[in-house]
Amino acid sequence: MPFSGEYVLPDFVNTHRGYVKLPNVDDSDEQKKPAPTKEQIIKLSLERFAVPEVLFHPADIGLEEMGLTETIVHAIKQCPSVVQPHLYNNIVITGGTSKFQNFKERVLKGVRSSAPDLFSVNVYRPEDPVIESWKGGQMLSCYPGYSKLRVTKEEYDEHGQNICLERFTDSIV
C-alpha cells in the first residue's frame, strides 16, 4: 500500500462522496502532464497515520486526555464488577473511524494490555459500522420501555439537568 495518495473531495453536484484517486500506472503516460480538472484534490501522506494515532495518543498534539483504549477501560471499570467481564468480551466499535486500517486490532491490543488477565477481550466491528449506531438507536426506540430511557427536549427545558439525575441515577447502581 502506498504511503501517499490523492483524495478527491465531493462537489455535491456530480459526486456526493469523496474517493481515493487511483494512481495512473500506464508508463507511456508518465511524461505527460495531467489534464486540468475541476476536481478538488487533497494530497495525503503522513496524515493517514497521524490522524488515527491521535485517537490513541492525544498527548501527541498537546491534549491532556485519555486515548481511546484507556477511555474504554476506564468506562468499563466504572461499571459494577459483575458486568465487567461481559463488557470486556463485547466491545463494539462503530462509525467511519473504525474503518481505518488495523483499527480493530489496535483497539483489541490496547484494551487487552490494560484489562485484567482473567477476562476475555473481544472487539467487534459490524459489517457496515457507519450506520450501525443509528440502527442500534432505532432498535432501542422500538423497545416498550424506551420512554423511561430518554429525556425529551421539552422535559429538559422545563426541569434542566435535574430531570436526568432523577431519571437515570437509580439505574446506574
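Nothing here was measured: the structure is a model prediction, and the numbers come from that model. (Residues numbered from 1 in each chain as written. Predicted model: local features only at pLDDT ≥ 70, side-chain atom pairs only at ≥ 80, totals over all residues. Heavy atoms only, no water.)

A. Up close: the overall build of the chain. The helix and strand tally for the chain stands at 7 helices and 5 strands. Counting from the amino terminus, the chain carries its helices and strands in the arrangement β-β-β-α-α-α-β-α-β-α-α-α. Going through the 173 residues of the chain one by one, you find that 15% of them count as buried. Long-range contacts, defined here as pairs at least 24 residues apart, represent 54% of the contacts in the chain between residues at least 6 apart. As displayed, the chain offers around 13,800 Å² of accessible surface, 57% of which is attributable to carbon and sulfur atoms. (Helix = DSSP H or I, 4+ residues; strand = E, 2+ residues; numbered from the N terminus. Buried < 20%, exposed > 50% of the residue type's maximum accessible area, 1.4 Å probe, protein only. Contact = heavy atoms within 4.5 Å. Areas by Shrake-Rupley, 256 points an atom, 1.4 Å probe, with all protein chains shown as cover.)

B. A look at the confidence of the model for the chain. Averaged over every residue, the pLDDT of the chain is 84; residues scoring 70 or more account for 83%. No element of the chain has a lower mean pLDDT than helix H1 (residues 47-56), which averages 74, and none a higher one than helix H3 (residues 84-88), which averages 97. (pLDDT = per-residue confidence, 0-100.)

C. Molecular detail of the packing of aromatic side chains. One pass over the full model with this rule turns up 3 aromatic pairs. Measuring from ring centre to ring centre gives 5.5 Å for Phe 56 and Phe 103, while their planes differ by 55 degrees; the resulting arrangement is tilted. With Phe 56 in helix H1 and Phe 103 in helix H4 (residues 103-114), the pair connects residues that are 47 residues apart, well separated along the chain. Both residues of the pair, Phe 56 and Phe 103, belong to the buried class. For the ring pair Tyr 88 and Phe 119, a centre distance of 5.6 Å and an interplane angle of 40 degrees mean the geometry is tilted. In this pair, Tyr 88 is assigned in helix H3 and Phe 119 in the loop between H4 and strand S5 (123-124), connecting sequence segments 31 residues apart. (Phe/Tyr/Trp six-rings, centres within 6.5 Å; stacked < 30°, edge-to-face > 60°.)

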